[in-house]
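# Fold and contact review
Here's the letter readout for the chains.
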Amino acid sequence: MQPFAIAGVQMHVGAYAENVTAIRQRLDLTIARFPWVQMVMFSELAPYGPLPEHAQTLPGPAEEIFQEMARAHGVWLLPGSIFERVGDKIYNTAIVINPEGEIVGRYRKMFPFRPYEAGIEAGTEFLIFDVPDVGRFGVSICYDIWFPETTRTLTAQGVEVLLHPVLTGTIDRDVELSIARASAAMFQCYIFDINGLGAGGCGRSCVVDPSGTVLYQAAGQEEIIPIEVDLTLVRRQRETGLKGLGQTQKSFRDRSVYFSIYDPTYADTSYLYSLGPLEMPQRGSRAGLDMRPGTLDRGVSEPLGEPAGPGGMRLHAVDTINGANRSQS
């Protein structure tokens, strides 16, 4: 075993002021408490928060500060991600810095959380890097993991640890944790899924091993999560299978099927276009969130109520959540 220790930092993220000073303090504390840690990572958009108006230019002064931090402590550093401005475009970009303070690579999020993450450009290039004498690492950001093609591409090129900063403060965090666990098992890799707090998310960061076992899951407070990974476990499992069973990487390699869905020349994706535009659901619309099963074919011009016998009207499910348009009996 070649031991390698990674610390995920779950910290409060503010939206209206820089969090770089807080990152420096948490990094100093991490190394002071756990001097054996060799890599430290933060959550998505931790340095400047979730507002695109705080976008930075890369390379630039913001990046230089993180380079100095990594060099001062002699650690690999992934300071979450930041909004990167390139002309009139904005990307959600993660930076990886080595212990010498050199930029190893930048990764632009491939699947911005649309329609909510509106106006953010999608990246098109993967980031894979090797830690000498340890193993191969890859980066994805938050919503990327909902698209298994991203993790498949990374692990098919030998990635053994997926560094996955997230910013999730919504009620689908349970689902996201399930996806992290399933992805680790499907692709036989470690996953460090590090979330923020406050404007940076609802916490519950987790670390999963290549068998899908959750090594640690945080709660809703600030935490430093130091985990020593064993990449021989990844290699052994990819060779012999999960618990001596499924050898998913080799099975995918030796597949007989050709997946035409990825070839626009042959794929029939007409169904996907029948789903309508990628846009925010509207209250009370056919695509809204306040409809019950069985009411989806009802036109928007129909009345909210229908006769319910003597003395009253029966309400339809299109009543708004706050009751503002509720029909009265």
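In this text, all values refer to a predicted model and were calculated from it rather than measured experimentally. (Residues numbered from 1 in each chain as written. Predicted model: local features only at pLDDT ≥ 70, side-chain atom pairs only at ≥ 80, totals over all residues. Heavy atoms only, no water.)

## Looking at the overall build of the chain
Within the chain one finds 7 helices and 17 strands. Of the contacts made within the chain by residues no fewer than 6 positions apart, 64% connect residues no fewer than 24 positions apart. Counting every atom, the chain has about 16700 Å² of accessible surface; 54% of that belongs to carbon and sulfur. (Helix = DSSP H or I, 4+ residues; strand = E, 2+ residues; numbered from the N terminus. Contact = heavy atoms within 4.5 Å. Areas by Shrake-Rupley, 256 points an atom, 1.4 Å probe, with all protein chains shown as cover.)

## Quick notes on the sheet that holds strand β9 (residues 135–139)
Taken together, 6 strands build an open sheet; the order of strands is β8-β9-β10-β11-β13-β14 and the sheet is mixed. Whereas interior strands pair on both sides, the edge strands pair on one side only; in this sheet they are β8 (128–131) and β14 (214–217). The sheet shows a mean angle of 15° between the axes of neighbouring strands, taken without regard to direction. Sheet analysis places strand β13 (residues 206–208) next to β14, joined by 3 bridges and oriented antiparallel. Looking at the pairing, valine 208 lines up with valine 214 of β14. (Pairing = 2+ DSSP bridges. Axes fitted to C-alpha atoms, helices over the stretch in contact; angles between N-to-C directions.)

## Quick notes on the pairing of strand β15 (residues 223–229)
Summarising burial for β15: 5 of the 7 residues are buried, a large majority. Pairing of strand β1 (residues 4–10) with β15 involves 7 bridges; the strand directions are antiparallel. Counted as the bridge partner of glutamine 10 is glutamate 223 from β15. (Buried < 20%, exposed > 50% of the residue type's maximum accessible area, 1.4 Å probe, protein only.)

## A closer look at the pairing of β9
Of all 5 residues in β9, 4 are buried, a share of seventy percent or more. The sheet contact formed by β8 and β9 spans 4 bridges and is antiparallel. Residue pairing in the sheet places isoleucine 128 in a bridge with glycine 138 of β9. Hairpin connection between β8 and β9: a loop of 3 residues separates the two successive antiparallel strands, and aspartate 133 in this loop has a positive phi of roughly 65°.

## Here's the deal with unusual backbone geometry
Generally, phi is negative for residues other than glycine and the peptide bonds are trans, each holding for most cases. Leucine 58 connects to proline 59 through a cis peptide bond whose omega is -5°. You can see proline 59 is positioned in the loop between β3 (39–41) and α2 (61–73). With phi around 65°, aspartate 133 is a residue other than glycine that occupies positive phi space. Topologically, aspartate 133 is positioned in the loop between β8 and β9. With phi around 55°, lysine 243 is a residue other than glycine that occupies positive phi space. The residue lysine 243 is located in the loop between α5 (231–240) and α6 (248–253) in this model.

## Overview of a nonpolar patch on the surface
Taken together, the side chains of Val257, Phe259, Ile261 and Tyr262 make up a nonpolar region of the molecular surface, amounting to roughly 400 Å² of accessible area. Residue placement: tyrosine 262 occurs in the loop between α6 and α7 (270–273). Tyrosine 262 sits in the exposed class, given a relative accessible area of 53%. (Patch = residues over 30% accessible without salt bridge, like charges linked within 9 Å, V, L, I, M, F, W, Y side chains within 5 Å. Salt bridge = Lys/Arg side-chain N within 4 Å of Asp/Glu carboxyl O.)

## Looking at the confidence of the model for the chain
On average, the chain scores 88 in pLDDT, and the residues at 70 or more come to 86%. Contacts of residues 295–329 to residues separated by more than four positions or lying in other chains number 46 contacts, the stretch itself having pLDDT below 50. (pLDDT = per-residue confidence, 0-100.)

## Some details on the side chain of threonine 150
Residue position: threonine 150 is located in helix α3 (residues 148–156). We classify threonine 150 as buried; its relative accessible area is 3%. Among the polar contacts made by the side chain of threonine 150, one reaches the main-chain carbonyl oxygen of phenylalanine 147 at a distance of 2.8 Å. Excluding anything up to four places from it in sequence, threonine 150 contacts Met110, Phe111, Phe126, Asp144 and Ile145. (Polar contact = N/O pair within 3.5 Å; in protein donor to acceptor, adjacent residues only side chain to side chain.)

## Concerning the packing of aromatic side chains
With the rule as written, the count across this model stands at 9 aromatic pairs. For the ring pair tryptophan 76 and phenylalanine 129, a centre distance of 5.6 Å and an interplane angle of 25° mean the geometry is stacked. Within this pair, whereas tryptophan 76 is found in strand β4 (residues 76–78), its partner phenylalanine 129 is found in strand β8, the two being separated by 53 residues in sequence. Here tryptophan 76 and phenylalanine 129 have matching classes, each one buried. Among the aromatic residues, those joined into a ring-pair cluster are Phe111, Phe113, Tyr116, Tyr143, Trp146 and Phe147. (Phe/Tyr/Trp six-rings, centres within 6.5 Å; stacked < 30°, edge-to-face > 60°.)

## Topic: the pattern of salt bridges
Within the structure shown, the criterion is met by 13 salt bridges. Between glutamate 117 and lysine 109 there is a salt bridge, and its shortest N-O distance comes to 2.9 Å. Shared partners join several salt bridges into a network, and the residues in it are Glu44, Lys109 and Glu117.

## Section: the side chain of lysine 109
Considering the arrangement of structural elements, one finds lysine 109 in the loop between β7 (103–108) and β8. At a separation of 2.9 Å, a polar atom in the side chain of lysine 109 contacts the side chain of glutamate 44. Polar contacts involving the side chain of lysine 109 include one to the side chain of glutamate 117, which spans 2.9 Å. Apart from residues no more than four positions distant in its own chain, lysine 109 is found in contact with Glu44, Asn92, Glu117, Glu121, Ala122, Gly123, Ile141, Cys142, Tyr143 and Asp144.

## Quick notes on the environment of leucine 162
Residue position: leucine 162 is located in strand β10 (residues 161–165). Separated by 31 residues in the primary sequence, leucine 162 and aspartate 193 have C-alpha atoms spaced 8.4 Å apart. Those residues in contact with leucine 162 that lie beyond four places of it in its chain are Gly138, Val139, Ser140, Ile145, Thr151, Leu154, Tyr190, Ile191 and Phe192.

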